[in-house]
Amino acid sequence: MSHIFSGIQQLPPDALFGLKARYTADTRSEKVDLGIGAYRDENGKPWVLPSVKEADKLIHEDPNFNHEYLPIQGFASFVDAAAKVILGDESPAIKQERLVSIQTLSGTGSLHIAAKFLVKFYNQSQTVYLSKPTWANHYQVFESLGLKTASYSYWNTETKSLDIEGYLNDINNAPEGSIFLLHSCAHNPTGLDPTRDEWIKILEALKSKNHLPLFDSAYQGFASGDLANDAWAIQKGVEILETPILICQSFAKNVGMYGERIGAFHLVLPTSDNKSAILSQLQTFIRSEISNPPAYGAKIVSKILTTPSLRKQWEQDLITMSQRITSQRIALRDALVQLGTPGTWDHIVNQQGMFSFTGLTKEQVARLESKHAVYLVSSGRASVAGLNNHNVQYVAKAIDEVVRNTDTKL
Ligand SMILES: Cc1ncc(COP(=O)(O)O)c(C=O)c1O
Ligand SMILES: *[C@@H]1O[C@H](CO)[C@@H](O)[C@H](O)[C@H]1NC(C)=O
Ligand SMILES: *[C@@H]1O[C@H](CO)[C@@H](O)[C@H](O)[C@H]1NC(C)=O
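Remember, predicted model here, so these are calculated numbers, not experimental data.

Before we go on, may I ask you to explain the pattern of salt bridges in this structure?
It is possible for side chains of opposite charge to pair when their charged atoms get near one another. Summed over all chains, the structure comprises 14 salt bridges. One salt bridge connects Lys20 with Asp33, and the closest N-O pair in it is separated by 3.3 Å. Highlighted residues: Lys20 in helix H1 (residues 15–25) and Asp33 in strand E1 (residues 32–33), separated in sequence by 13 residues. With relative accessibility at 28%, the residue Lys20 sits in the partly exposed group. Classification of Asp33 by relative accessible area gives buried; the value is 17%. Of the charged contacts in the structure, one is a salt bridge between Lys236 and Glu239, with a shortest N-O distance of 3.1 Å. Taken together, the residues Lys236 and Glu239, both in helix H10 (residues 232–240) and three residues apart, mark about one turn of the helix. Because the salt bridges share partners, they merge into one network encompassing Arg333, Asp334 and Asp346.

Help me out: how do you make sense of unusual backbone geometry in this one?
What you tend to see is this: most non-glycine residues have negative phi, and most peptide bonds are trans. For the bond from Lys132 to Pro133, the omega torsion is 5°, close enough to zero to count as cis. Within the secondary structure layout, Pro133 lies in the loop between strand E3 (127–132) and helix H6 (137–143). At the junction of Asn188 and Pro189, the peptide bond is cis and its omega measures out at 15° in the coordinates. Considering the arrangement of structural elements, one finds Pro189 in the loop between strand E7 (179–183) and helix H8 (196–208). One non-glycine residue, Asn210, lies in positive phi territory at about 60°. Its place among the elements puts Asn210 in the loop between H8 and strand E8 (212–217). Its relative accessible area of 40% is what places Asn210 among the partly exposed residues. Phi at Asn274 takes a positive value of approximately 70°, unusual for a residue other than glycine. Tracing the sequence through the fold places Asn274 in the loop between strand E10 (262–268) and helix H11 (275–289). You can call Asn274 exposed: its relative accessible area is 57%.

It is not clear to me how helix H5 (residues 106–121) should be interpreted in this structure. Could you clarify?
Given 3.6 residues to a turn, an α-helix orients residues that are three or four positions apart in the same direction. Given a rise of 1.5 Å per residue, 16 residues ought to cover 22 Å, and the 22 Å separating the end C-alpha atoms of H5 matches this to within 8%. By the burial criterion, the buried members of H5 are Ser106, Gly107, Gly109, Ser110, Leu111, Ile113, Ala114, Ala115, Phe117 and Leu118.

Rules and cut-offs
Residues numbered from 1 in each chain as written. Chains lettered and ligands numbered in written order. Predicted model: local features only at pLDDT ≥ 70, side-chain atom pairs only at ≥ 80, totals over all residues. Heavy atoms only, no water. Salt bridge = Lys/Arg side-chain N within 4 Å of Asp/Glu carboxyl O. Helix = DSSP H or I, 4+ residues; strand = E, 2+ residues; numbered from the N terminus. Buried < 20%, exposed > 50% of the residue type's maximum accessible area, 1.4 Å probe, protein only. Expected span 1.5 Å × (residues − 1).

Written out as structure tokens, the structure is:
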């Protein structure tokens, strides 16, 4: 029987979560999941960080622990500590009190709040420029609120490196005051970040066109193992730029609490004026959508950030994760070189963060899945965290086989 909703069209499954479902259903024991961007330990298992375990214990032992609602803008000590992590303890934006911050539902929720803020308070004719390629969800987050999107040059397929000339040209050719989304480190999906010199050129170009920068920080500390290093571009932006700066901060990856949805939105202003008005507007967004943010993860992260011994442990945990990933990059590159796999593979070790943009074609990726039970997204992006000493040789041999037995040249 037809009814008022019977015309609704079925959408294809989300590419990443669809891949996960196929992987889970696969009964081959040698299967390898290089799809979703979540850290795995040496045995391919999720890892609860030692710093998180310890913070969890302290929180539950505290006789004052409870499950009350948080304020609309979030857990104050979390929000303050989060701002200091991303901007630096000595940030002029914090010292001069020109920062508005609010707790959000992880990085995605932060991007959504940023998008809502732009829709309501920024020039409606402006477009959000996204790197080509970018995290696929960026398009949906902005477009679902009616914002226009476009792309700027980033990855040079031929050289497997940054197309800095194309990037700077696109900044210069975009209409004055455009919105530019920048991955602050561990660019998803390419794992390729600008050098510091390149960042300065990018920031100067943005400044000269009065563009509005939106930094997406989903991997701070996860990329290099060093929190300050991974926030360098943002902190440099605060120093150089004269426009407001939007920052979307996620704690999913760097504390390994993906499902707890811990994040913050920060707006750095040129002056300390108008902050309370802006916060009141952000509070209304949160109140109307989720009433107030989730408490558990924010309490954990706040405990880690404000307890010196836990903070130290967390910094060690970041090194543990980033070094294991780096060692698997080297192991995969070395195995491919050893096998004499056609093509060049140094880009795997030159990239950083969770992902490697392998350069494998759609056809090769499909064959990896069907013939070898090795799962990665069709763009050729591999989540390096899925590799370990038990499976890296197997994956290298599988890549070698598909590269040799598909027509497509790398
Ligand atoms: C570039 C980028 N931005 C934002 C996010 C948001 O993640 P979450 O909402 O889990 O914090 C991700 C997660 O994969 C990402 O890769
Ligand atoms: C808004 O953006 C459009 C498109 O870039 C531009 O032409 C227009 O001048 C802008 N308006 C204001 C008030 O800045
Ligand atoms: C924003 O701050 C400036 C400087 O203090 C002030 O003149 C202006 O009225 C403020 N805007 C609003 C809407 O209150």
